[in-house]
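Given next are the chains, with one letter for each unit.
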Amino acid sequence: MNLLELQEWVRADWEQHSPVRPDPHMQLLYLFEELGEMAEAIRQRSGQKEHATHTTDLGEEMGDVLVALATVANNYQVDLEEAFEKARAKIEARHKLGTEA
Ligand SMILES: [Mg+2]
């Protein structure tokens, strides 16, 4: 599944299962919540989270982050493939500058 398909799947899932959608700001908070769960999974993996009451699956949490990010992108009509291409162009330009220096 590519990023466009991810966004379309998320959009269709919201339309089919959640006719009353949460406020976009709440969905942004949900993205932060999922990022926190991903951080928790990384802390568990690195042994930095003592007294863990449950095991958090890092891959599953990254999946949650992707879905939450796609939801936010859809709310603001952002094409994630285009967004990625902009980010890639910036990184590649930075690397090119680095090789010329
Ligand atoms: Mg999660």
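Right above here is the structure, for reference.
Not measured: the values here are computed from a predicted model.

Peer 1: Now, about the pattern of salt bridges: what can you tell me, with residues and values included?
Peer 2: Where charged atoms from two side chains of opposite charge come close, those side chains can pair. All told, the structure shown has two salt bridges when counted by the stated rule. A salt bridge links Arg11 to Glu8, with the shortest nitrogen-to-oxygen separation between them at 3.2 Å. Of this pair, Arg11 and Glu8 both sit in helix α1 (residues 3-17), three residues apart, roughly one helical turn. A relative accessible area of 30% places Arg11 in the partly exposed class. The partner of Glu85 in a salt bridge is Arg88, and the shortest N-O contact between them spans 2.9 Å. With a gap of three residues between them, Glu85 and Arg88 both fall in helix α4 (residues 80-100), about one helical turn apart. The exposure class of Glu85 is partly exposed, given its relative accessible area of 39%. Take Arg88: its relative accessible area is 36%, and that puts it in the partly exposed class.

Peer 1: Now, about the nonpolar core: what can you tell me, with residues and values included?
Peer 2: A general feature of soluble globular proteins is that nonpolar side chains tend to end up buried together. Among the nonpolar cores identified, the biggest contains seven residues, and these are Leu31, Met38, Ala41, Leu58, Val65, Ala68 and Val72. Taken together, the elements giving at least two residues each to this core come down to α2 (24-45) and α3 (58-75). The greatest single-element share of this core, amounting to four residues, is contributed by α3. Apart from the residues within four sequence positions on either side, Leu31 is in contact with Val65, Ala68, Leu69 and Val72. One finds Leu6, Val10, Ala70 and Leu80 within the second-largest nonpolar core, a separate group that totals five residues.

Peer 1: Would you mind going over the coordination of the magnesium ion in detail, with residue names and values included?
Peer 2: For the magnesium ion, every protein donor is listed as Glu34 (OE), Glu37 (OE), Glu61 (OE) and Asp64 (OD), and the spread of their distances is 2.0 to 2.2 Å. Along the chain, the residues that donate to the magnesium ion are spaced as E-x2-E-x23-E-x2-D. Here Glu61 lies in helix α3 and Glu34 lies in helix α2, a separation of 27 residues in the sequence. We classify Glu34 as buried; its relative accessible area is 3%. For Glu61, a relative accessible area of 8% translates into the label buried.

Cut-offs used in this document
Residues numbered from 1 in each chain as written. Predicted model: local features only at pLDDT ≥ 70, side-chain atom pairs only at ≥ 80, totals over all residues. Heavy atoms only, no water. Salt bridge = Lys/Arg side-chain N within 4 Å of Asp/Glu carboxyl O. Helix = DSSP H or I, 4+ residues; strand = E, 2+ residues; numbered from the N terminus. Buried < 20%, exposed > 50% of the residue type's maximum accessible area, 1.4 Å probe, protein only. Core = buried A, V, L, I, M, F, W, Y, C linked by side-chain atoms within 4.5 Å. Contact = heavy atoms within 4.5 Å. Donors = N, O, S within 2.8 Å, 3.2 Å for Na, K, Ca; no water.

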